[in-house]
Amino acid sequence: MWRSARLLLPGICTAAALSVGCLSSPEDRTDTTTTSPSPPASLSPSVPTLSAPPSSPESHSGVRFTDVHAAAGLRFRNVSGSPEQRYILESISAGIASFDYDGDGYQDLFVVDGNRVEATPADAGNRLYRNEPAADNAPITRIFREVTAAAGLSHSGWGMGCAVGDVDNDGDPDLYVTYWGPDLYYRNDGDGTFVESSAAAGLGSRDWGTSAAFGDLDGDGLLDLYVVNYLEFDLETPPAGGNWCTYKGLNSFCGPEGIPAQADRLYRNSGEGHFVDVTAAAGVDRFAYPGLGVALGDFDDDGDLDVYVADDSEPNLLFRNDGDWRFTETGTLVGAAYSENGRAQAGMGVDAGDFDNDGDLDLYVTNFTDDVNTLYQNQGDGWFVDGTYAAGMGSVVRPYLGWAAGFFDYDNDGWLDLFVANGHVYPQLEEHPAGLRYAQRNLLYRNHSGRFEEIGRNAGPGWLVEKVSRAAALSDYDNDGDIDLAVVNLNDVPTLLHNDGGNRNNWLGLKLIGSDSNRDAIGARVTVRAGDIVQVRQVQRGRGFQGQCDPRLVFGLGDRQRVDAVEILWPSGRQQLMDPPPPLRRYLEIREDRHEVVAGPVVAPRNSPLPDRFSPPPDPTPSPRPASWQGMSAAELRKTSADYYRQGRYAEARKALADVLARAPDDMSSYVNLGLVLYSGLGRYDEAASLLEGAVRRDSAVASAHHLLGKVYLRQHRVGEAIGALERATRLGPSSWHYENWLG
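Rules of the game
- Each chain has its residues counted from 1, running along the sequence as written.
- Only residues with pLDDT of at least 70 are given local features in this predicted model, and only at 80 or more are side-chain atom pairs given and counted; all residues enter the totals for whole chains, interfaces and linings.
- Hydrogens and water are ignored here; the side-chain numbers use all heavy atoms of the structure.
- Only runs of H or I of at least four residues qualify as helices and only runs of E of at least two qualify as strands under DSSP, and these elements are numbered from the N terminus.
- Relative accessibility decides the category of a residue: with a 1.4 Å probe and only protein chains considered, values under 20% of the type maximum give buried, values over 50% give exposed, and everything between is partly exposed.
- Any two residues whose heavy atoms approach within 4.5 Å are treated as being in contact.
- When two cysteine sulfur atoms lie within 2.5 Å, the pair is treated as a disulfide.
- DSSP-based pairing: two strands are paired if at least 2 bridges between them are found.
- A fitted line through C-alpha atoms serves as each axis, taken over the contacting stretch for helices, and the angle formed by two N-to-C directions is quoted from 0 to 180°.
- Working rule for angles: under 35 degrees goes down as roughly parallel, over 145 as roughly antiparallel, 65 to 115 as roughly perpendicular, anything else as oblique.
- By definition, turning the near helix anticlockwise from the far helix through less than a right angle yields a left-handed crossing, and turning it clockwise yields a right-handed one.
- Gly counts as polar in this scheme, as do all residues outside two lists: the nonpolar Ala, Val, Leu, Ile, Met, Phe, Trp, Tyr, Cys and Pro, and the charged Asp, Glu, Lys and Arg.
- Helix span, as expected, comes to 1.5 Å for every residue beyond the first.
- Only buried residues count toward a nonpolar core. Its members are Ala, Val, Leu, Ile, Met, Phe, Trp, Tyr and Cys residues joined through side-chain atoms within 4.5 Å.
- Annotation comment: domain bounds sourced from an automatic or database domain assignment.
- Note on aromatic pairs: the rings of Phe, Tyr and Trp (six-membered ring only in Trp) are paired at centre separations within 6.5 Å, and the planes decide the class, stacked below 30 degrees, edge-to-face beyond 60, tilted for the rest.
- The rule for a charge over a ring is simple: NZ of Lys or CZ of Arg within 6 Å of the ring centre, and within 35 degrees of the ring normal.
- Any carboxyl oxygen of Asp or Glu that lies within 4 Å of a side-chain nitrogen of Lys or Arg is treated as forming a salt bridge with it.
- pLDDT measures the predictor's confidence residue by residue and takes values from 0 up to 100.
- Residues forming no salt bridge and having over 30% relative accessible area are the ones grouped into patches, like charges within 9 Å of each other and nonpolar side chains (Val, Leu, Ile, Met, Phe, Trp, Tyr) within 5 Å.
- Using a 1.4 Å probe, the Shrake-Rupley method yields the accessible areas, and only the shown protein chains count as cover for residues.

## Notes on the overall build of the protein chain
Broken down by element type, the protein chain carries 12 helices and 41 strands. Among the 744 residues that make up the protein chain, the fraction classed as buried is 63%. For the protein chain, the share of sequence-separated contacts (at least 6 apart) that also reach a separation of at least 24 residues comes to 64%.

Set out below in structure tokens:
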């Protein structure tokens, strides 16, 4: 996750250019292609901010998200360390779960809170919020009332994440909370109260737990538990003796490099609410990597749940379930451990979903800044390819640091869209306000038949909120058929993004209840056929990063007026076909052991018009050039741009290089450096390509310009042109192994 103290940046420039301040690239971190054309790079004084150019107004389907946390009663402030974030421990204490704890049919919220090193604040502690009707004159229909103490869930400490599941199959969901320190397990007594039962259940690991997930891994109808662990961290003997490390020239906490990692924990549910630690027997203890995210899914379509773990600065893990509590780690073998360039990335969160509607589960993993999040596309047999670039999930993401992520069909058009919760880990970045940001906006990607476009800036003011986000939960908290999003923000109030307009399209909601299968039906696979579209979803709770989502399945249908077939494959192996086809625009409750379906109330489409189309604010006016630049030579300004780049101040680096080129329009090294800023720093591939195409027309004998242009073309998925540019670079620089390697 965090790269403090050093940056490994292989150079891309020619030897001659190195003497005049050549930039170097955090290559080759995975990128994604840009999703909409950008204007050609300009050498004018007007330099865009780090935000991507807004997408077209038509791209967001008329759906608008608004942050309603205050109106909904979610006014608490998260506690996670000090403002300066001195230790790595302080940077991730934030978890959330959406679940119906009291069985009234509405999703409630549980929030995990953290601590401070010096002392526990009086207002710190986990919170449970009950979902209740709002007053008649309220701007929203549902609100949340805190019931933590009455429910028996009051507790403070270094909380991290949580997992939800009906462990004893008694009809109410139980709760597991991870900590730096002993984890806690709460049994739901079914009367609105919980009983802390860690010792009695055989749980309560003292490791640094992060994400966790329940799932029936052996097919016995009982939910087992996978807990992801992070680092061996001791506040009494912190890394570097408690001194600062550095990141981009700024003070930063130390880690994870240099801190021993912990193996994850796997628990088998042996019945009657008791668990047995089978970590060693299952082979999980052989991999001590710093884990942060987990997703359970049948990735090889063999009828049982596999386990995927997102690891920080180490290869991601995919434990293939071979039955009888035997797991084989296959991440590298099947193509889901590294980026397509063969690098271990800094995995944070992960979600699984069928984004391309081909019937299998794909994976999306969030990563550190100056990199991109990775989309692993399932090829249908449990083998994956890095589909990040091909799916267009590209340029916008590079300045962001991602955490929770989740597939969801926000506009109910039948294709899974995606959100990403963002926020950096180093508040010291605020010393350079024009550079990378500590607080960041979250991202919303719309899925256009398997290719994504980031449209958050046009999807309502909720997506312009800048916070230091961590965990998130997808939840239809108001039962209106479109998915909302709750986000926990570090040392700040939460964000509750209310989806307004997503239910204008038709939809079908399903709540599954197992009998021979686990009661939560976790792992059940549902196929819905409607005209020309076939959708496959798997019931999941643990998703993203340190979060739990609404377990109900919502299938968007667009303007289709009926569903042709609903097929359910239960974890027990039982298959069920709904006949006749179900009614739309409502939630249906389906039990494994009954033919009858309980239908909820019909949700009518909006009769009132949507609010006026949201217009995002314009990019801020660029700051004026520093007065110190006035007396600088072009060489000095070029060196200054290199310093800006190393500090993550990409917009300033771009502006400085534009000034250099205004003075020295034939300076090819500055064209290459500016192309690198656009490509690797800001992720603006179209602008980088346009700039470099002009540069090689100006001087076709510079190998580094052709080489960088070839890499940009690859990110744009212009493979033929990329090969041509890389071949040209190799001919011009035959002694460069780096050029040969890229061409190979």
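## Some thoughts on the state of the cysteines
Under the defined criterion, the tally for this structure stands at 1 disulfide. Through a disulfide, Cys 245 is tied to Cys 254; the S-S separation comes to 2.0 Å. Given an S-S torsion of about 100 degrees, the disulfide between Cys 245 and Cys 254 has right-handed geometry. Using a relative accessible area of 15% as the deciding quantity, one classes Cys 245 as buried. Relative accessible area serves as the criterion here: at 7%, Cys 254 is assigned to the buried category.

## Considerations on the pairing of strand β6 (residues 159–165)
The side chains of a regular strand alternate between both faces of the sheet. Here β6 lies mainly inside the structure; 7 of its 7 residues are buried. Pairing analysis gives 5 bridges linking β6 to strand β7 (residues 174–179), with the strands arranged antiparallel. Note that in β7 the partner of Cys 162 across the bridge is Val 177.

## What about the sheet that holds strand β41 (residues 597–599)?
Pairing in this open sheet of 4 strands is mixed, and the strands run β37-β33-β40-β41 from one edge to the other. At either end of the open sheet lies a strand with only one pairing partner, and these are β37 (553–558) and β41. Averaged over all pairs of adjacent strands, the angle between their axes in this sheet comes to 25 degrees, without regard to strand direction.

## Observations regarding the side chain of Arg 343
Mapping Arg 343 onto the fold places it in the loop between α5 (331–334) and β20 (350–353). The exposure class of Arg 343 is buried, given its relative accessible area of 18%.

## Some thoughts on unusual backbone geometry
For the peptide bond that leads from Gly 255 to Pro 256, omega is 5 degrees, which places it in the cis range. Positionally, Pro 256 belongs in the loop between β13 (250–252) and β14 (265–271). A cis amide bond, omega 5 degrees, links Asp 579 with the succeeding residue Pro 580. Mapped onto the fold, Pro 580 is located in the loop between β39 (575–577) and β40 (587–591). One non-glycine residue with positive phi stands out, namely Asp 324, at about 55 degrees. Secondary-structure assignment places Asp 324 in the loop between β18 (317–321) and β19 (327–329).

## Quick look at the packing of helix α7 (residues 650–663) against helix α8 (residues 668–681)
Between α7 and α8, the least distance of the axes is 9 Å, while the angle of their chain directions is 160 degrees. Accordingly, the angle class assigned to the pair α7 and α8 is roughly antiparallel. With respect to the hand of their crossing, α7 and α8 are arranged in left-handed fashion. Only Ser 670, Tyr 671, Asn 673, Leu 674, Val 677, Leu 678 and Gly 681 of α8 make contact with α7, whose side of the interface consists of Tyr 650, Ala 653, Arg 654, Leu 657, Val 660 and Leu 661. Class assignment for the residues of the contact of α7 with α8 results in 9 nonpolar, 3 polar and 1 charged.

## Focus on helix α9 (residues 685–698)
Every α-helical turn comprises 3.6 residues, leaving residues that sit three or four positions apart pointing alike. The terminal C-alpha atoms of α9, which comprises 14 residues, lie 20 Å apart, in line with the 20 Å expected from a rise of 1.5 Å per residue. Looking at the packing, one finds that the buried side of α9 touches α7, α8 and α10 (703–715).

## As for the nonpolar core
Ranked by internal contacts, the top residues of the largest apolar core, which has 81 residues, are Trp 208 and Phe 419. The biggest single contributor to this core is α8, with 8 residues. Counting only domains with at least three residues in this core, you end up with domain 1 (64–513) and domain 2 (630–741). Apart from residues lying up to four places away in sequence, Phe 419 is in contact with Ala 404, Ala 405, Gly 406, Phe 408, Leu 443, Trp 463, Ala 472, Leu 474 and Leu 485.

## A short note on the environment of Ile 140
Relative to the assigned elements, Ile 140 resides in the loop between β4 (127–133) and β5 (142–146). Sequence separation between Ile 140 and His 498 is 358 residues, and the spatial gap between their C-alpha atoms is 9.1 Å. Excluding residues that lie within four positions of it along the chain, Ile 140 makes contacts with Val 68, Ala 71, Ala 72, Ala 134 and Tyr 477.

## Some details on the environment of Ala 263
Relative to the helices and strands, Ala 263 is located in the loop between β13 and β14. Leaving out residues up to four positions away in the same chain, Ala 263 has contacts with Asp 207, Asn 229, Val 284, Asp 285, Phe 287 and Ala 288.

## A word on the packing of aromatic side chains
The final tally for this structure, using the stated rule, is 33 aromatic pairs. Ring centres 6.5 Å apart and planes at 45 degrees place the aromatic pair Phe 214 and Phe 275 in the tilted group. Taken together, the positions of Phe 214 in strand β10 (residues 209–215) and Phe 275 in strand β15 (residues 274–277) put the pair 61 residues apart, joining distant regions of the chain. Each member of the pair, Phe 214 together with Phe 275, is buried. By the ring-pair criterion, three or more aromatic residues cluster together here, those being Tyr 87, Trp 158, Trp 180, Trp 208, Tyr 230 and Phe 233. One Lys or Arg, Arg 142, reaches over the ring of Tyr 106 and ends 3.5 Å from the middle of that ring. We note Arg 552 situated over the ring of Tyr 587; from NZ or CZ to the ring centre the distance is 4.2 Å.

## So, the pattern of salt bridges
A complete count under the given rule lists 37 salt bridges for this structure. Between Asp 189 and Arg 187 there is a salt bridge, with its nearest N and O atoms 3.0 Å apart. The exposure class of Asp 189 is partly exposed, given its relative accessible area of 37%. In this structure, Glu 589 engages Lys 511 in a salt bridge whose closest nitrogen and oxygen atoms are separated by 4.0 Å. One end of the pair, Glu 589, is in strand β40; the other, Lys 511, is in strand β33 (residues 506–513), and 78 residues separate them in sequence. A residue is classified by how much of its surface remains accessible, and Glu 589, at 21% relative accessible area, is partly exposed.

## A word on the confidence of the model for the protein chain
On average, residues of the protein chain carry a pLDDT of 90, and 89% of them reach 70 or more. Note that pLDDT drops below 50 for residues 2–22; the model gives that stretch 65 contacts with residues more than four away or on any other chain. Considering only residues more than four positions removed or in separate chains, one finds that residues 24–57, a stretch of pLDDT under 50, has 141 contacts.

## Remarks on the packing of α8 against α10
With their axes 10 Å apart at the nearest point, α8 and α10 run at an angle of 20 degrees to one another. It follows from the interaxial angle that α8 and α10 lie roughly parallel. Both α8 and α10 take part in a crossing whose hand is left-handed. On α10, the residues that touch Met 668, Val 672, Gly 675, Leu 676 and Tyr 679 of α8 are Ser 704, Ala 705, Leu 708, Lys 711, Val 712 and Arg 715. The residue inventory of the contact of α8 with α10, partitioned by class, reads 7 nonpolar, 2 polar and 2 charged.

## Observations regarding the sheet that holds strand β8 (residues 184–188)
The strand order across the open sheet formed by 4 strands is β6-β7-β8-β9, and the pairing between neighbours is antiparallel. Across the chains shown, the open sheet's two edge strands, defined by having one partner strand only, are β6 and β9 (194–196). Each adjacent strand pair in this sheet contributes to an overall mean axis angle of 25 degrees, direction not counted.

## Description of a nonpolar patch on the surface
Where nonpolar side chains cluster on the molecular surface, the patch consists of Val 719, Ile 723 and Leu 743 and spans about 220 Å² of accessible area. What makes Leu 743 partly exposed here is its relative accessible area of 31%.

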